[in-house]
Each structure stands twice: as structure tokens, then as C-alpha cells.
Amino acid sequence: MLLARRAQALAQNVATAEAGYRDSVRRRVAAGASARDAELAAELDAQRAAADLANRTAQRSAAEHALAGAIGVPWSALRTAPLAWPQLQAPPAPAALPAAALAQDAAWNRLDLAALLAHYRASAARLREAAGTRYPATSVAPGYIYDRGRRKFAFGINVELPLFHGAGARIRAAAAARDEAAAAVQARQAQILNDLDAARADYAERYAAWQRMLDVAAAARQSAARARTQRRAGQIDRGRETIAEVASAHAELAAVDALATTLNSLARLEDVLQRPLWPASTLAPPAATNPLPSSSLTETAHAH
């Protein structure tokens, strides 16, 4: 909603600048200093700016209604409420979000992955019970560990049965069920990693585009300020000053749009992680709040 308000205000500046430029072209055409087609082009740009302003106004209204509904207050009360988001224009740089750390966050925060891991642990427990009941000397490998290098869970899925015994049907079924549960975790992890890499790459591109647009907007502001100074000094006419003002207004609006696109991309990355990144979550990671008992330390360095 804050971005929609800002965009509407800047769209108003663009519409005002375009209308001023159109009026200046009309005067030049009336004085015979410009051709008629210049007036038509300026009129078209002014109409486009007016239409964009109407669209931005509608977007602001929709954003305000959405926030009011989420909070549970009347829209009229929200319109006059002072709202702020500190550091709204300072999202984290992509370098501050390393892929390995994001993958580990996803591994321990995705609820769907946690459910699959719980199913795997239950399957492994049933296998140990089945094997231990019939063959006390049976060795069942530990459950799983998180491999930071591969960004995946690694599973111990081997079951060593005595050579002089054949595995019973119950053990074979339990081993197959555990292998199937491990495969389900690995398949989901592969999908999550693909989504994570795509979302992070998209955020990096959007962030870079926003940074470039900030530079363009800053240059346009300097150009407009220089044009105003030159106009007061009599070095350029009002028309050239207006052109610089129009360019600056467009650049400012484009920078806000680029920021909104960047924040939407960051939100998609957070959706993949199922964990807030900006502002960062204040909840402690699972390993710090629920350590495993000593008997389970071979399975994983984290706990759900």
C-alpha cells in the first residue's frame, strides 16, 4: 500500500509534467515555432499519463482495501492512519542471501519437507523394529544427515542381514517402505532446490535492475535541476526545462515500479523458504531450540 501511494503521487507528477509540456508545445505551435504533429504527440503523451494516473489511483484504492480487510478495520479509518515501513527502500542485496544458507533454511523450515522427514523416521523405526525382532544382530544404518555441500539430505538406506538368514517378508516390506520414504524426501528436495535457485536468480536480476533504475533517476534529477538553473540564467527556454522535468518524473516513477517488482520477487523467494527474510525472522532456528538426544546425533545435526 505504501508503494501504491508513492506510485500514485509520482504518477501525478508525471501527469502534471506531461500536461505542462503539452501546453508549451501548443503555444509554440500557435506561434508557428513547431509543427502540428508535435502538438499531437504531446497530447498523446499527456493522455497516456492521465490514464496511468487513473490506473495508479485504482491500484492505491485496491491496496488500501486489501490492507484494511487484512487488519479488520474500515477502509475509511485506514485512509487517515499514519503508516510507515522503516528501510522500505533498502531490501537485502543478493550477496547477503547465499544459496547454501537459503537451501539449509528451506530444508529445516518447509512444512511439506518436515512431514516427509517425519514419515521417513517412522518408516525407519518400523524397519528397525522388524529387523531387530527377528534378527537381533541386524545392523540398520543411521537415518539421515544434512549434506551442506550437496544442499540435500543424505540417507543411510542399507540393511545388513546375517548371511545365513533370508530376509523375511515383513523386513523386506519395511525396508521398501523406508526406501520409498527417502525417495519422496529427495524428490521434494530436488523440486525445492530448483524453485529456490530460480527464485534467487530472479531476485538478483530484479535487484540489479532496480539499482540501475535508481542511478537513472538520480541522473534525471540532476539533469532537471541543471535545466532549471540554466532556465533562470536564460541559457535555455521553458520548453527544454519542461522536457527535463518530464524525464525526471518518469524516471522517479520507474524506480518505484522497479522497487515494487524487486520486493515482489523477494516475497516469492520467502514463499519458497517458508521463512521471512526481510525483515528477518526473530524465531530461533530449530537446532538452537530443540537439540537431539545423544542417541540420535548420528542421524542429523538439526531437529524439527
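Our structure's up above, just so we're on the same page.
Reading the values: the criteria
Residues numbered from 1 in each chain as written. Predicted model: local features only at pLDDT ≥ 70, side-chain atom pairs only at ≥ 80, totals over all residues. Heavy atoms only, no water. Helix = DSSP H or I, 4+ residues; strand = E, 2+ residues; numbered from the N terminus. Contact = heavy atoms within 4.5 Å. Areas by Shrake-Rupley, 256 points an atom, 1.4 Å probe, with all protein chains shown as cover. Buried < 20%, exposed > 50% of the residue type's maximum accessible area, 1.4 Å probe, protein only. Pairing = 2+ DSSP bridges. Expected span 1.5 Å × (residues − 1). Polar contact = N/O pair within 3.5 Å; in protein donor to acceptor, adjacent residues only side chain to side chain. Phe/Tyr/Trp six-rings, centres within 6.5 Å; stacked < 30°, edge-to-face > 60°. Salt bridge = Lys/Arg side-chain N within 4 Å of Asp/Glu carboxyl O. Axes fitted to C-alpha atoms, helices over the stretch in contact; angles between N-to-C directions. Parallel < 35°, antiparallel > 145°, perpendicular 65-115°, else oblique. Left-handed = near helix turned anticlockwise from the far one by under 90°. Nonpolar A, V, L, I, M, F, W, Y, C, P; charged D, E, K, R; others polar. Core = buried A, V, L, I, M, F, W, Y, C linked by side-chain atoms within 4.5 Å.

Trainee: Residues and numbers for the overall build of the protein, please.
Mentor: Of the regular secondary structure elements, the protein holds eight helices and four strands. The order of α-helices and β-strands along the protein, N terminus first, is α-α-α-α-α-β-β-β-β-α-α-α. Across the protein, contacts joining residues at least 24 apart in sequence account for 73% of those joining residues at least 6 apart. As presented, the protein carries roughly 16700 Å² of accessible surface, and 56% of it is formed by carbon and sulfur atoms.

Trainee: Help me get a handle on the pairing of strand E3 (residues 152-155), residues and values and all.
Mentor: The two faces of E3 differ: Phe153 and Phe155 on one face are buried, but Lys152 and Ala154 on the other face are not. Hairpin connection between strand E2 (residues 144-147) and E3: a loop of four residues separates the two successive antiparallel strands, and Arg151 in this loop has a positive phi of roughly 60°.

Trainee: Explain helix H7 (residues 238-273) residue by residue, including any values.
Mentor: Between the first and last C-alpha of H7 there are 53 Å, a value that for 36 residues agrees with the 52 Å anticipated at 1.5 Å per step. Regarding H7, its N-cap is Asp237, as a side-chain oxygen of that residue lies 3.3 Å from the backbone nitrogen of Gly239 further along. Trailing H7 by a residue or two, Gln274 shows a phi angle of about 55°, which is positive.

Trainee: Can you explain the environment of Ala84? Please cite residues and give values.
Mentor: Secondary-structure assignment places Ala84 in the loop between helix H3 (75-79) and helix H4 (99-109). Note on Ala84: relative accessible area 70%, which makes it exposed. When the C-alpha atoms of Ala84 and Leu2 are compared, they prove to be 7.7 Å apart, with 82 residues separating the residues in sequence.

Trainee: How would you explain the environment of Asp215 if you had to name every residue and give the values?
Mentor: Following the sequence through the fold, Asp215 ends up in helix H6 (residues 169-232). Looking at Asp215, the relative accessible area reads 55%, which means it is exposed. Sequence separation between Asp215 and Ala255 is 40 residues; the distance between their C-alpha atoms is 9.0 Å.

Trainee: Could you give an account of the packing of aromatic side chains, with specific residues and numbers?
Mentor: Evaluated as defined, the whole model comprises five aromatic pairs. Residues Trp108 and Phe153 carry aromatic rings whose centres are separated by 5.0 Å and whose planes lie at 90° to one another, so their mutual orientation is edge-to-face. You can see Trp108 sitting in helix H4 and its partner Phe153 sitting in strand E3, a full 45 residues away along the chain. When its relative accessible area of 7% is taken as the criterion, Trp108 is described as buried. Each member of the aromatic cluster is reached from another via a ring pair, and the members are Tyr203, Tyr207 and Trp210.

Trainee: Outline the pairing of E2, listing residues and values.
Mentor: Residues of E2 alternate between two faces, with Tyr144 and Tyr146 buried on one and Ile145 and Asp147 left unburied on the opposite face. Pairing geometry for E2 and E3, over four bridges, is antiparallel. For Tyr144, the partnering residue across the bridge sits in E3 and is Phe155.

Trainee: Explain the side chain of Glu252 to me, using residue names and the numbers behind them.
Mentor: The residue Glu252 is located in helix H7 in this model. A relative accessible area of 16% places Glu252 in the buried class. Contact partners of Glu252, with chain neighbours within four places excluded, come to Leu10, Ala217 and Arg221.

Trainee: So what about the pattern of salt bridges? Which residues, and what values?
Mentor: Counted by the stated rule, this structure contains 20 salt bridges. For the salt bridge of Glu39 with Arg26, the shortest nitrogen-to-oxygen distance reads 3.7 Å. Taken together, the positions of Glu39 in helix H2 (residues 36-71) and Arg26 in helix H1 (residues 2-30) put the pair 13 residues apart, joining distant regions of the chain. On the accessibility criterion, Glu39 (14% relative accessible area) is buried. The class of Arg26 is partly exposed, set by a relative accessible area of 35%.

Trainee: Residues and numbers for the packing of H6 against H7, please.
Mentor: For the pair H6 and H7, the least separation of the axes is 7 Å and the interaxial angle reads 160°. Comparing their axes, H7 and H6 come out roughly antiparallel. In terms of crossing hand, the pair formed by H6 and H7 is left-handed. Across the contact of H6 with H7, the residue classes tally to 24 nonpolar, five polar and 12 charged.

Trainee: Please set out the nonpolar core residue by residue, giving values where relevant.
Mentor: Grouped together as the largest cluster of nonpolar side chains are 40 residues, with contacts concentrated most on Phe153, Phe155, Leu196 and Leu269. Residue assignment for this core shows that the elements contributing at least two residues are H4, helix H5 (111-134), E2, E3, H6 and H7. Counting residues per element, this core draws most heavily on H6, which supplies 13 residues. With near-sequence residues (within four places) excluded, Leu269 lies in contact with Leu97, Leu102, Leu196, Ala199, Arg200 and Leu277.

Trainee: Go over the side chain of Ser24, please, and point to the residues and values.
Mentor: Looking at where Ser24 falls in the secondary structure, it is placed in helix H1. At a separation of 2.6 Å, a polar atom in the side chain of Ser24 contacts the main-chain carbonyl oxygen of Tyr21.

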